[in-house]
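Take a look at the letters that make up each chain.
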Amino acid sequence: MFPWLRFYTYSKGPSMNLLHLDSSILGGNSVSRTVSAAIVAQLKKTHPGLKETYRDLAANPVPHLSGGYLAALQSTEGQHEASLQADLALGGKVLEEFIAADILVIGLGLYNFTVPSQLKAWIDRIAIAGKTFRYTEKGPEGLMGGKRVILAIARGGFYGPGMPAAPYEHGETYLRAVFGFLGIANPEVILAEGIAIGPEQREKSIKAALEQAAGLPLAA
Ligand SMILES: Cc1cc2nc3c(=O)[nH]c(=O)nc-3n(C[C@H](O)[C@H](O)[C@H](O)COP(=O)(O)O)c2cc1C
């Protein structure tokens, strides 16, 4: 390699892909959107050259899985009706974005004890046997190890260890299970809790979450 080319390559640093997802339905009032944006801003500061792909799952929802979609995925037939063709193209793009991502930042609120259904619809597109996990003789194996996942989670109440509502928390626990299944063992979580308790608690929790976002380390 020419010495000048080596210098250029090293000084630029390796290019990294960031996939930023939001799923809150509350638009400008959303806490998780505020926190996920702060996380991305912090990462961009510490990783110059980060290539961001943004997907707003509430504004542009990924449709629910259909039987036709699943059948088409398994068939070798190339011809499908236009709506299925479009759905296959979108599903393929969503999966490609996930596989290409080095870092994922996902904003979500806890809705009825779990993740927004818009985020669940996205998960249904990326948990694909043979692509992001595989079945082996020893059981399922995740193929997505090495990605950094940061979750910005807003919750109306408190669900930490020892809280009466803790057993009802199926958002963070669900995402830990899904990403763990795909080979991503330790997602980082920035929580803003007690958002529905009152304005003071809301402000305090958002401030603490934003401080945590601003202090995110360069690497996990
Ligand atoms: C449809 C809906 C369902 C909710 N369900 C819960 C819930 O089960 N538990 C809870 O603690 N908070 C619940 N909340 C409160 C949200 O978790 C809280 O408002 C949080 O800020 C939502 O995140 P977001 O602001 O990014 O949308 C719910 C809010 C909405 C809009």
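As a reminder, the structure under discussion sits directly above these lines.
To start, this report covers the structure provided alongside it. Here the structure is a predicted model, which means the values were calculated and not measured. (Residues numbered from 1 in each chain as written. Predicted model: local features only at pLDDT ≥ 70, side-chain atom pairs only at ≥ 80, totals over all residues. Heavy atoms only, no water.)

Brief notes about the site of the ligand
Defined as follows: Whether a residue is near a molecule or strand depends on its heavy atoms: if one lies within 4 Å, it is near. As used in this structure description, the phrase polar contact means that two N or O atoms lie within 3.5 Å; if the pair is within protein, one of them must be able to donate a hydrogen and the other to accept it, and residues adjacent in sequence are counted only when both atoms belong to side chains. The method behind every accessible area is Shrake-Rupley, applied with a 1.4 Å probe, and residues are considered shielded solely by the protein chains displayed. Three residue categories are used. Nonpolar comprises Ala, Val, Leu, Ile, Met, Phe, Trp, Tyr, Cys and Pro, charged comprises Asp, Glu, Lys and Arg, and polar comprises the others, including Gly.
Neighbouring residues of the ligand: 16 residues in total, closest S24, S32, L110, Y111 and Y159. Within the backbone of V31, a nitrogen or oxygen atom sits 2.9 Å from an oxygen atom of the ligand. At 2.7 Å from an oxygen atom of the ligand is found a side-chain nitrogen or oxygen belonging to Y111. For the ligand, whose unbound accessible area comes to 620 Å², protein coverage reaches 79%. Of the residues that constitute the shell around the ligand, the class distribution is 8 nonpolar, 7 polar and 1 charged.

Observations regarding the packing of aromatic side chains
Note the threshold: Stacked, edge-to-face and tilted are the three classes for Phe, Tyr and Trp ring pairs, Trp counted by its six-membered ring, which pair at centre distances within 6.5 Å; planes under 30 degrees apart are stacked, over 60 edge-to-face, the rest tilted. Only DSSP runs of H or I with at least four residues qualify as helices, and only runs of E with at least two residues qualify as strands; both kinds are numbered from the N terminus onward. Each residue's exposure class comes from its accessible area (1.4 Å probe, protein chains only) as a fraction of the maximum for that residue type: buried when under 20%, exposed when over 50%, partly exposed otherwise. Either the NZ atom of lysine or the CZ atom of arginine qualifies as a charge over a ring when it sits within 6 Å of the ring centre and within 35 degrees of the ring normal.
Summed over all chains, the structure comprises 4 aromatic pairs. Here the aromatic rings of F98 and W122 are separated by 5.7 Å at their centres, their planes lie at 85 degrees, and the arrangement is edge-to-face. A residue pair is termed long-range when its members are at least 10 positions apart, and F98 in helix α4 (residues 82–100) and W122 in helix α5 (residues 117–126) qualify at 24 residues. Taking relative accessible area as the criterion, W122 reaches 0% and is therefore assigned buried. Where F133 meets Y135, the ring centres are 5.3 Å apart and the plane angle is 90 degrees; that geometry is what we call edge-to-face. Residue Y135 is classed as exposed on the basis of its relative accessible area, which comes to 60%. Through a chain of ring-to-ring contacts, the aromatic side chains of F133, Y135 and F181 assemble into a single cluster. The positively charged end of R125 is found above the aromatic ring belonging to Y69, 4.2 Å away from the centroid.

Thoughts on the packing of α5 against helix α6 (residues 172–181)
The condition is simple: Orientation is described by lines fitted to C-alpha atoms, with helices fitted over the stretch in contact, and by angles between N-to-C directions that extend from 0 to 180 degrees. With respect to orientation, any angle under 35 degrees is reported as roughly parallel, any angle over 145 as roughly antiparallel, any angle of 65 to 115 as roughly perpendicular, and every other angle as oblique. Whether two residues touch is decided by their heavy atoms; if any such pair falls within 4.5 Å, the residues are in contact.
The contact between α5 and α6 brings their axes to 12 Å, and the two run at 10 degrees. Classified by the angle between their axes, α5 and α6 sit roughly parallel to one another. Between α5 and α6, the residues in contact are L119, K120, W122 and I123 and Y174, L175, V178 and F179, respectively. Its residues placed into classes, the contact of α5 with α6 shows 7 nonpolar, no polar and 1 charged.

Topic: the nonpolar core
Rules: Take the buried residues of types Ala, Val, Leu, Ile, Met, Phe, Trp, Tyr and Cys, join any two whose side-chain atoms come within 4.5 Å, and each joined set is a nonpolar core.
If you look at the biggest cluster of nonpolar residues, it comprises 28 residues, and the most contacted ones within it are F98, L119, W122 and F179. For this core, the element with the highest residue contribution is α5, accounting for 4 residues. Leaving out residues up to four positions away in the same chain, F98 has contacts with L19, L104, W122, I126, T132, M144, K147, F179, L182 and I184. Residues V31, L50, A152 and I190 belong to the second largest nonpolar core, which totals 19 residues.

A closer look at helix α2 (residues 31–46)
Put simply, the rule is: Helix span is expected to be 1.5 Å times the residue number reduced by one.
Compared with the 22 Å implied by 1.5 Å per residue over 16 residues, the 23 Å span of α2 between its first and last C-alpha is a close match. Every buried residue of α2 is accounted for by V31, S32, R33, V35, S36, I39, V40, Q42 and L43. Close packing links the buried residues of α2 with β1 (17–22), β2 (51–56), β3 (103–109), β6 (148–154), β7 (188–192) and α7 (199–214). For α2, the side-chain oxygen to backbone nitrogen distance between the N-cap and S32 is 3.3 Å, and the N-cap itself is S30.

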